[in-house]
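Chain by chain, the residues:
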Amino acid sequence: GAGVSQSPSNKVTEKGKDVELRCDPISGHTALYWYRQSLGQGLEFLIYFQGNSAPDKSGLPSDRFSAERTGGSVSTLTIQRTQQEDSAVYLCASSLVLGRGDEQFFGPGTRLTVL
Amino acid sequence: GDSVTQMEGPVTLSEEAFLTINCTYTATGYPSLFWYVQYPGEGLQLLLKATKADDKGSNKGFEATYRKETTSFHLEKGSVQVSDSAVYFCALSDQGAQKLVFGQGTRLTINP
């Protein structure tokens, strides 16, 4: 079946603009995660959704970052007033939540470049 | 907080060489441990996992054993191939938490 998809694949924006990144998880996966992959910081967790609620937002780096999930499916990560340090690859993952060691399936990522 | 420390890269080996990539972790509970791999131009994918002490995860000739006493989950392969060239990430998810905490990644290049 289809994997996790993300759009756009690449986004170039100017400092100070807002951007929206989209994630379509695998159908039926109740859990959805956002991570960020950057040269300086490696792979960092941003936020976790179970259904439409976000029990763990601990990784969001500032209040410029927000995310929502609707219908237990698609999620949007929004970055307001982008800064150059926001440049990174933003990865989305989804999983079934059955117990310990659930495999997370990753999308191809959105490469964000802030000029 | 939880953390994962991986062997510094990059690592370059010849085909058929033995591979070890070291991984140690710090966690407050009893984590599940993972190795993820990112092949050139592809997304992250799970290579293997172990959910409790002394479990051995294995896949595609790779193995890793969950060692609670040394808080380690080293990745090994007896004979690497050019197609194993990729970036390897060690990760954990702690008991009760769903998020993955990743190591910094190790870039592996296998020369023919």
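Residues numbered from 1 in each chain as written. Chains lettered and ligands numbered in written order. Predicted model: local features only at pLDDT ≥ 70, side-chain atom pairs only at ≥ 80, totals over all residues. Heavy atoms only, no water.

K.L.:
Help me understand the sheet that holds strand 1 (residues 5–7) of chain A in this model?
P.N.:
Working definition: the strands of a sheet are paired by backbone hydrogen bonds and lie parallel or antiparallel to each other. Residue and element names in this part refer to chain A. Read across the open sheet, the 4 strands follow the order 1-3-8-7; overall the sheet is antiparallel. The two strands at the open ends of the sheet, each matched to only one other strand, are strand 1 and strand 7 (65–69). Each adjacent strand pair in this sheet contributes to an overall mean axis angle of 15°, direction not counted. (Pairing = 2+ DSSP bridges. Helix = DSSP H or I, 4+ residues; strand = E, 2+ residues; numbered from the N terminus. Axes fitted to C-alpha atoms, helices over the stretch in contact; angles between N-to-C directions.)

K.L.:
What should I look at first to understand unusual backbone geometry in this one?
P.N.:
Leave glycine aside and you will find that most residues have negative phi; peptide bonds, for their part, are mostly trans. Omega for the peptide link from Ser-7 of chain A to Pro-8 of chain A comes to -10°, which places this bond in the cis form. Within the secondary structure layout, Pro-8 of chain A lies in the loop between strand 1 and strand 2 (10–13). A cis amide bond links Gly-9 of chain B with the next residue in sequence, Pro-10 of chain B, at an omega value of -10°. Tracing the backbone shows Pro-10 of chain B in the loop between strand 1 (3–6) and strand 2 (11–14). The phi torsion at Arg-81 of chain A lies on the positive side, around 50°, for a residue other than glycine. Positive phi outside glycine occurs at Glu-16 of chain B, with the angle close to 75°.

K.L.:
Sorry, what's going on with the packing of aromatic side chains here?
P.N.:
How two aromatic rings sit relative to each other is set out by the distance from centre to centre and by the angle between their planes. Counted by the stated rule, this structure contains 12 aromatic pairs over all chains. Measuring from centroid to centroid gives 6.3 Å for Phe-106 of chain A and Phe-102 of chain B, while their planes differ by 65°, and the two rings are edge-to-face. Taken together, the residues span two chains, with Phe-106 of chain A in strand 10 (residues 105–106) and Phe-102 of chain B in strand 11 (residues 101–102). For the pair formed by Phe-106 of chain A and Phe-102 of chain B, the shared burial category is buried. Of the aromatic side chains, those joined through ring pairs into one cluster are Tyr-33, Tyr-35, Phe-45, Tyr-48 and Phe-106 of chain A together with Phe-34, Tyr-36, Phe-89 and Phe-102 of chain B. (Phe/Tyr/Trp six-rings, centres within 6.5 Å; stacked < 30°, edge-to-face > 60°. Buried < 20%, exposed > 50% of the residue type's maximum accessible area, 1.4 Å probe, protein only.)

K.L.:
Sorry if this is basic, but what is going on with the state of the cysteines here?
P.N.:
A covalent bond bridging the sulfur atoms of two cysteines is what the word disulfide describes. Tallied over the entire structure, the rule returns 2 disulfides over all chains. Covalent S-S linkage joins Cys-23 of chain A and Cys-92 of chain A, the inter-sulfur distance amounting to 1.8 Å. Handedness here is read from the sign of the S-S torsion; for Cys-23 of chain A and Cys-92 of chain A, about -65°, the answer is left-handed. In this pair, Cys-23 of chain A sits in strand 3 (residues 19–24) while Cys-92 of chain A sits in strand 9 (residues 88–95), placing the two residues 69 residues apart along the sequence. On the basis of relative accessible area, Cys-23 of chain A is assigned to the buried category, the value being 0%. Each sulfur of the disulfide joining Cys-23 of chain B and Cys-90 of chain B lies 1.9 Å from the other. With the S-S bond torsion at -70°, the cross-link from Cys-23 of chain B to Cys-90 of chain B turns out left-handed. In this pair, Cys-23 of chain B is assigned in strand 4 (residues 23–26) and Cys-90 of chain B in strand 10 (residues 86–93), connecting sequence segments 67 residues apart. Residue Cys-90 of chain B is classed as buried on the basis of its relative accessible area, which comes to 1%. (Disulfide = S-S within 2.5 Å.)

Don't take any of this as a statement about function, it's just geometry.
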